Amino acid sequence: MAEPVDKDPNYWVLCIDDDPFLRLGLQNALDQTKDIELSAASTKAEGMKLFVEMWNGSSKEESRKPSLVLLDQDLQDGDKGTDLLNDIVEFCGGTPQDAAKVCMLSASQRQRDWVKAFELGAIGWIDK
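Summary of the structure given here. (Residues numbered from 1 in each chain as written. Predicted model: local features only at pLDDT ≥ 70, side-chain atom pairs only at ≥ 80, totals over all residues. Heavy atoms only, no water.)

The next thing to look at is the packing of aromatic side chains. Within the structure shown, the criterion is met by three aromatic pairs. When the ring of Phe 51 is compared with that of Phe 91, the centres are 6.1 Å apart and the planes differ by 80 degrees; the resulting orientation is edge-to-face. With Phe 51 in helix 2 (residues 44-57) and Phe 91 in helix 3 (residues 81-91), this residue pair connects regions lying 40 residues apart in the sequence. Owing to a relative accessible area of 0%, Phe 51 belongs among the buried residues under this scheme. On the basis of relative accessible area, Phe 91 is assigned to the partly exposed category, the value being 33%. Summarising the aromatic geometry, the rings of Trp 114 and Trp 125 are spaced 6.1 Å apart at their centres and angled 70 degrees between planes, so their arrangement reads as edge-to-face. Of this pair, Trp 114 sits in helix 4 (residues 111-119) while Trp 125 sits in strand 5 (residues 124-127), placing them 11 residues apart in sequence. Its relative accessible area of 16% is what places Trp 125 among the buried residues. (Phe/Tyr/Trp six-rings, centres within 6.5 Å; stacked < 30°, edge-to-face > 60°. Helix = DSSP H or I, 4+ residues; strand = E, 2+ residues; numbered from the N terminus. Buried < 20%, exposed > 50% of the residue type's maximum accessible area, 1.4 Å probe, protein only.)

Pasting the structure below:
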């Protein structure tokens, strides 16, 4: 495995997914780039806490806000990514335009999940 590069990130990505292999794969891939810093969480509560810390920590440097949130639909303990997406939008001001960009990253094939995610402001849906 290649050594991680020195970071000078322009993009801050938060992955909230309960699959440890997905998180590890993203971390290994993004460790090879100078421009992207990845943070990861495995639960809804941990993900929201990390999001709030990143958002509030960026008050001195606007560019440190999460550039993208990769969000799984089916999280641990039956939690739903769309519920967390709603929490993120509410935290950021109540409209999707005010919030961080969120792309769903899920194996869910339920159409109602897709519809709800886009209604809440998701910018995309990636099947895994």
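To continue, consider the pairing of strand 3 (residues 68-71). In terms of strand pairing, strand 1 (residues 11-16) meets strand 3 through four bridges, oriented parallel. Pairing of Leu 14 across the sheet is with Val 69, part of strand 3. Of the pairings in the sheet, the one linking strand 3 to strand 4 (residues 102-106) comprises three bridges and is parallel in character. Each bridged residue has a counterpart across the sheet, and for Leu 71 the counterpart in strand 4 is Met 104. For the crossover from strand 3 across helix 3 to strand 4, the handedness is right-handed. (Pairing = 2+ DSSP bridges. Right-handed = clockwise from strand over helix to strand, strands pointing away.)

Bringing the sheet that holds strand 1 into the picture now. Here five strands make up an open sheet; going across it, the order is 2-1-3-4-5 and the pairing parallel. The sheet terminates laterally at strand 2 (36-41) and strand 5, the two strands that pair on one side only. Each neighbouring strand pair of the sheet contributes to a mean axis angle of 20 degrees, computed without reference to strand direction. Strands in contact with helix 1 (residues 20-30) are strand 1, strand 2, strand 3 and strand 4; relative to strand 2, the strand with the most contacts, it is inclined by about 165 degrees. Sheet contacts for helix 3: strand 1, strand 3 and strand 4; angle to strand 4, the most-contacted strand, approximately 170 degrees. (Axes fitted to C-alpha atoms, helices over the stretch in contact; angles between N-to-C directions. Contact = heavy atoms within 4.5 Å.)

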